[in-house]
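# Overview (structure and organization)
Listed below are the residues making up each chain.
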Amino acid sequence: MSALIVVVANQKGGSGKTTVSMQLAGTIAQRGLRVLVADTDPQATATRWAASAPDDAPFPAAVIGLSAAEGKVHRELRRHVDNYDLIVVDCPPAVDSTIPQSALVVGDLALVPVIPSPADLWATVGIRRVIDNIRAGANETLNSRLLLNQCDPHRTLAREAVEILPEFGIELASSRLGHREVYRQSVALGATVHVLGSRAAQAIAEVEALADEVLEILGVSMTAARGGTANG
Ligand SMILES: Nc1ncnc2c1ncn2[C@@H]1O[C@H](COP(=O)(O)OP(=O)(O)OP(=O)(O)O)[C@@H](O)[C@H]1O
Ligand SMILES: [Mg+2]
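Residues numbered from 1 in each chain as written. Chains lettered and ligands numbered in written order. Predicted model: local features only at pLDDT ≥ 70, side-chain atom pairs only at ≥ 80, totals over all residues. Heavy atoms only, no water.

### Section: the side chain of serine 144
Locating serine 144 in the fold gives a position in strand E6 (residues 143–148). A distance of 2.7 Å separates polar atoms of two side chains, one belonging to serine 144 and the other to arginine 135. Not counting chain neighbours up to four residues away, the residues in contact with serine 144 comprise Leu109, Ala110, Ile131, Arg135, Ile170 and Glu171. (Helix = DSSP H or I, 4+ residues; strand = E, 2+ residues; numbered from the N terminus. Polar contact = N/O pair within 3.5 Å; in protein donor to acceptor, adjacent residues only side chain to side chain. Contact = heavy atoms within 4.5 Å.)

Here it is as structure tokens:
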């Protein structure tokens, strides 16, 4: 059994790539799958996040730094597929980086976090083109989802954002993450939102729903996964 690969990418900075990568990877690891986060961003935010964990409560997923691999990151990812059930690739924001493209060549799912404002949505057009190109050539079976992040929990989506969404050509994930302080707080604790307990109940429900949706898209049955084969 070879690891499935989720590539979290958006050239737009601050859209939530590292938040989504770490909450998703940590949540699925806590369910008992072997999960690796490949930190491909020279900022090393995911690596620092995991390093903030106390010795007696390490971050639930393993995290390695692969930013120096640049356009060869797909080769480095292939080295790890036998040791994990799932690899989550946290991509850098740089528009000219060769990393997202390289990771998508071996990816099963491209997850594109986006803040639902018109400006942020328009800035996401670049990664959609990259996904389209990869799908037209190197990786025809690549799946993709747009994931709304930092949604106002008390309001429905801004009308402008809803109007722009259909133009994207990337299916919208049914799960979404609200704008919640606990997402920031869990970073300093080197953990997922689960560590914050009942006051993070809504965020926990959001990341659990995201994990369910991602595993379903990937075709992972948890019963089978716990038995040792993560696929089907
Ligand atoms: N749903 C949320 N609620 C509250 N804060 C959030 C949420 N998502 C992200 N943030 C905060 O917004 C900032 C940017 O998020 P994050 O680092 O995940 O984005 P990124 O896309 O990885 O950024 P970069 O492009 O720099 O790598 C961080 O401080 C993070 O804690
Ligand atoms: Mg980041």
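### As for the site of ligand 1
The immediate surroundings of ligand 1 are formed by 17 residues, with Lys17, Thr18, Thr19, Asn149 and Gly178 found nearest. Contacts to ligand 1 include glycine 14, whose backbone N or O atom sits 2.9 Å from an oxygen atom. In this structure, arginine 180 approaches ligand 1 through a main-chain N or O atom, which is 3.1 Å from a nitrogen atom. When the free accessible area of ligand 1 is taken as 620 Å², the share hidden by the protein chains comes to 84%. Those elements that place two or more of their residues in the shell around ligand 1 are helix H1 (17–30) and helix H8 (181–188). Top element by residues in the shell around ligand 1 is H1. It accounts for three residues. For the shell around ligand 1, a count of residues per class yields two nonpolar, eleven polar and four charged. (Near = heavy atom within 4 Å. Areas by Shrake-Rupley, 256 points an atom, 1.4 Å probe, with all protein chains shown as cover. Nonpolar A, V, L, I, M, F, W, Y, C, P; charged D, E, K, R; others polar.)

### Brief notes about the pattern of salt bridges
Summed over the entire model, instances satisfying the criterion amount to seven salt bridges. Between glutamate 76 and arginine 79 there is a salt bridge; the shortest N-O distance is 2.9 Å. Here glutamate 206 and arginine 180 are joined by a salt bridge, their closest N and O atoms 2.7 Å apart. Here glutamate 206, found in helix H9 (residues 201–218), pairs with arginine 180, found in the loop between helix H7 (159–164) and H8; they are 26 residues apart in sequence, far enough to count as distant. Taken together, the shared-partner salt bridges in this structure form one network comprising Arg31, Glu208 and Asp212. (Salt bridge = Lys/Arg side-chain N within 4 Å of Asp/Glu carboxyl O.)

### Thoughts on the packing of H1 against H9
Interhelical geometry of H1 versus H9 gives an angle of 80° and a closest axis separation of 9 Å. As summarised for this structure, H1 and H9 are arranged roughly perpendicular, according to the angle between their axes. Along its contact with H1, which presents Val20, Gln23, Leu24, Thr27 and Ile28, the element H9 presents Val207, Glu208, Leu210, Ala211, Val214 and Leu215. Here the residues of the contact of H1 with H9 are counted per class, giving eight nonpolar, two polar and one charged. (Axes fitted to C-alpha atoms, helices over the stretch in contact; angles between N-to-C directions. Parallel < 35°, antiparallel > 145°, perpendicular 65-115°, else oblique.)

### Overview of the environment of glutamine 185
Among the structural elements, glutamine 185 can be located in helix H8. Using a relative accessible area of 30% as the deciding quantity, one classes glutamine 185 as partly exposed. Discounting residues that sit within four places of it in the chain, glutamine 185 has contacts with Leu196 and Arg199. At a separation of 3.1 Å, a polar atom in the side chain of glutamine 185 contacts the side chain of arginine 199. (Buried < 20%, exposed > 50% of the residue type's maximum accessible area, 1.4 Å probe, protein only.)

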